[in-house]
Amino acid sequence: MKLRGYIIEKYNCMKNAYTCNRLVLEAEKAGIDLQIIGIHDTVVTEKGLFNNGRQLQACDFVINRYKWGQTKNEINKLAKKTYNSIDSFNIYINKFEQIKNLHSKAFLIPKNCMGTALLSYNFLTDYLGSSFVAKGLESSMGNEIFLIENETAYRELENKFGKDKEWLFEEFISSSFGRDIRFYSIRGKVIACMQRKSKEDFRANVALGASVEPYEITPQIKEIARDIYEETKLDFLGIDLLFGNDKPYFCEINVMPGLEGIESSSGINIAKLIIESIKGDFADDQK
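The paragraphs below set out a description of the structure included in this document. (Residues numbered from 1 in each chain as written. Predicted model: local features only at pLDDT ≥ 70, side-chain atom pairs only at ≥ 80, totals over all residues. Heavy atoms only, no water.)

**Points about the overall build of the protein chain**
The condition that has to hold: The secondary structure listing takes helices from DSSP runs of H or I that are at least 4 residues long and strands from runs of E that are at least 2 residues long, numbered from the N terminus. C-alpha atoms define the radius of gyration in this analysis, and the globule rule sets the expected value at 2.2 Å times the number of residues to the power 0.38. For the exposure calls, accessible area comes from a 1.4 Å probe over protein chains only, and a residue counts as buried if that area is under 20% of its type's maximum, exposed if over 50%, partly exposed in between. Contact between two residues is taken to exist if any of their heavy atoms lie within 4.5 Å; hydrogens are not considered. For the accessible areas, the method is Shrake-Rupley and the probe is 1.4 Å, while residue cover comes only from the protein chains on display. Counting rule for charge: Lys and Arg are taken as positive, Asp and Glu as negative, and neither His nor the chain ends is counted. Charge positions are represented by NZ for Lys, CZ for Arg, CG for Asp and CD for Glu.
The helix and strand tally for the protein chain stands at nine helices and 16 strands. Expected size for 287 residues packed as a compact globule is a radius of gyration near 19 Å; at 20 Å, the protein chain falls within 12% of this value. For the protein chain, with 287 residues in total, the buried portion stands at 51%. Sequence separation of 24 or more characterises 65% of the internal contacts of the protein chain that already satisfy a separation of 6 or more. Carbon and sulfur atoms make up 48% of the accessible area of the protein chain, which amounts to about 13,800 Å² in all. Separation between the mean location of the 38 positive side-chain charges and that of the 40 negative ones in the protein chain comes to 4 Å.

**Some thoughts on the pattern of salt bridges**
If charged atoms from side chains of opposite charge come close, those side chains can pair. The cut-off we apply is this: Salt-bridge detection follows one rule: a side-chain nitrogen of Lys or Arg within 4 Å of a carboxyl oxygen of Asp or Glu.
Applying the stated criterion to the full structure yields 19 salt bridges. Across the salt bridge formed by Glu170 and Lys135, the nearest N and O atoms sit 3.2 Å from each other. Taken as a pair, Glu170 in strand S11 (residues 166-171) and Lys135 in strand S9 (residues 132-136) lie far apart in primary sequence, 35 residues in all. The class for Glu170 is buried, based on a relative accessible area of 2%. On the basis of relative accessible area, Lys135 is assigned to the buried category, the value being 5%.

**Some points on the sheet that holds S9**
The test is simple: Each pair of strands is called paired provided DSSP finds at least two bridges between the two strands. Convention adopted: a line fitted to C-alpha atoms gives each axis, helices being fitted over their contacting stretch, and angles between N-to-C directions are expressed from 0 to 180 degrees.
Read across the sheet, four strands follow the order S8-S11-S9-S10 without closing on themselves; strand pairing throughout is antiparallel. The sheet is open, and its two borders are formed by strand S8 (112-116) and strand S10 (145-148), each paired with just one other strand. Within the sheet, the average angular offset between the axes of one strand and its neighbour, ignoring direction, is 25°. On top of the sheet, helix H5 (residues 121-128) reaches S8, S9, S10 and S11; it is set at about 170° to S8, its chief contact. Here helix H6 (residues 151-161) sits on the sheet and contacts S8, S9, S10 and S11; the angle it forms with S10, its principal contact strand, is near 150°.

Remember that the coordinates give geometry; whether it matters functionally is a separate question.
What follows is the structure, encoded as structure tokens:
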């Protein structure tokens, strides 16, 4: 019987979304029916879930690629397996949960604290240093990440986002300005690794125009991937590290990482490996 799965995304039509379309293409090649289900095209009723007027049926698996709200949780209930597991996905979309729970002897954790922009600026500079980074707890692609170098920049957080928004405040790792390491892990095995570089921005996100180049998969990087998998059991992960003087610093993990930059820099068909991993989970069912 043909495997059926859903990718949960923002909209049904994601024609310019590289990662979604690569996964759909590789699933089709593998004989899997994989459909993109948009949160904004889905309604949850007492009679079931409806996507553009069509009732969603039970499926074999779901690939989670949307962070917010309850609708994604209801769609996950239709599937036998979910990637990444919705319980872990919901925990680790949060940057504070990441930095609180993830540890490895192979990396350092930046000094950090969590609170709103009503915290005293002097307290934060005394605790973290004269420059520090503010991160939105569920931000992605470099959005809601700011380098705070003076009190005026700090006050802008409250002005722009309001007084109730919580932030993860971290010491600024100046040795990694405009560059970082991103590697892709499948169940604790490093598949590909790249260095991202930005000429002007302290952030090195591809979505913000950073360039990419291959980076050596070191024993240290392999150890980090194994440690994070043991702690999270997340199947498919992007893991970001900052350059330190002696060891790398943990930056974040991405539970719904994009594939464009790392496929182009490495030449590895990661989408195919993801689909093969999922298909392998159902091998006994297909006999």
